[in-house]
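Structural overview
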Amino acid sequence: MSTVTVDAIIDVVCPWCYLGKARLDKAIKSLPENVEVAVQWRPFELDPTVPPEGVDNQAMLAEKLGSAERRDEMHAQITALGKELGITFHFDRILVRPNTLDAHRLLLWAHTESIAMQNEVVDRLYRANFEEGRNIGDHKVLADIAAEAGMDREMVAKLLASDADKEMVRGEIANAQQMGVSGVPFFVFNGKYAVSGAQPVEVMQQALTQLAAA
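Below you will find a few notes about this structure. (Residues numbered from 1 in each chain as written. Predicted model: local features only at pLDDT ≥ 70, side-chain atom pairs only at ≥ 80, totals over all residues. Heavy atoms only, no water.)

**Thoughts on the environment of lysine 21**
Within the secondary structure, lysine 21 sits in helix α1 (residues 15–29). Taking the C-alpha atoms as reference points, lysine 21 and threonine 112, 91 residues apart in sequence, are found 20 Å from one another. Setting aside residues no more than four positions away along its own chain, lysine 21 makes contact with Trp41, Asn119, Val122, Asp123 and Tyr126. A polar side-chain atom of lysine 21 sits 3.3 Å from a polar atom in the side chain of aspartate 123. (Helix = DSSP H or I, 4+ residues; strand = E, 2+ residues; numbered from the N terminus. Contact = heavy atoms within 4.5 Å. Polar contact = N/O pair within 3.5 Å; in protein donor to acceptor, adjacent residues only side chain to side chain.)

Structure follows, in structure tokens:
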């Protein structure tokens, strides 16, 4: 059995990160049974200046991309890419652009339970935001997502109400920036080979196969 580790640096409000995860999942599924891939989801904040209550998502994106038309074009492009992977993007439902620090704290706690739990929670965060239009900056929503994944809701709610692990998450983000990460998704294979962006399934497959063989 050969094991390949993947450190996937992501932000949960980044649609390219959702696509990147779906493509990585597909690549992993295509590998022979004697290859094990251990993925850890690591934090990044595309916009740490977003206040805790969030901002108007549609207005923010229109401003960032130069116009509402440009925003809608990009959404249409990403929606088409998502369809190929079984993702149903509903950008019209995303009213609030949340601050993602608390979602990243939840992912950290999920990882302390298991790799599988973290993977389950990251999937649910993406679905909640991009498909269901739930506000993943809201503590109640985050506690609900944790419970849906099988975590202890009360414990997660208590931790979210505190400052637990905020500095740890910020430290991880700072480390990623020191490594030169300025955009996500960013994948590091076996701690040394880096791939930036939501690469095609074949590229992921090739990287994993070569590393497993080595």
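**Considering the pattern of salt bridges**
Side chains bearing opposite charge may pair, as long as their charged atoms lie close to each other. Applying the stated criterion across every chain, the model contains 15 salt bridges. With its nearest N and O atoms 2.6 Å apart, the salt bridge here joins arginine 42 to aspartate 7. Of this pair, arginine 42 sits in strand β2 (residues 35–43) while aspartate 7 is found in strand β1 (residues 2–10), placing the two residues 35 residues apart along the sequence. Arginine 42 is the partner of glutamate 172 in a salt bridge, and the nearest nitrogen-oxygen pair spans 3.1 Å. Of the two residues, glutamate 172 sits in helix α8 (residues 166–178) while arginine 42 sits in strand β2, which places them 130 residues apart along the sequence. When its relative accessible area of 24% is taken as the criterion, arginine 42 is described as partly exposed. (Salt bridge = Lys/Arg side-chain N within 4 Å of Asp/Glu carboxyl O. Buried < 20%, exposed > 50% of the residue type's maximum accessible area, 1.4 Å probe, protein only.)

**Examining the pairing of strand β6 (residues 193–196)**
As paired elements, strand β5 (residues 186–189) and β6 share four bridges and run antiparallel to each other. Residue phenylalanine 189 lies in a different strand from β6, and its bridge partner there is tyrosine 193. Where β5 hands over to β6, the hairpin turn is made up of three residues, of which asparagine 190 adopts a positive phi near 50°. (Pairing = 2+ DSSP bridges.)

**A closer look at helix α4 (residues 101–113)**
Taking 1.5 Å per residue as the helical rise, α4 with its 13 residues ought to reach 18 Å, and the 19 Å between its terminal C-alpha atoms agrees with that figure. Within α4, 10 of the 13 residues are buried, which leaves it mostly tucked inside the rest of the structure. Burial in α4 covers these residues: Leu101, Asp102, Ala103, His104, Arg105, Leu106, Leu107, Leu108, Trp109 and Ala110. Its buried side turned inward, α4 meets β1, β2, α5 (115–131), α6 (139–149), α7 (153–161) and α8. (Expected span 1.5 Å × (residues − 1).)

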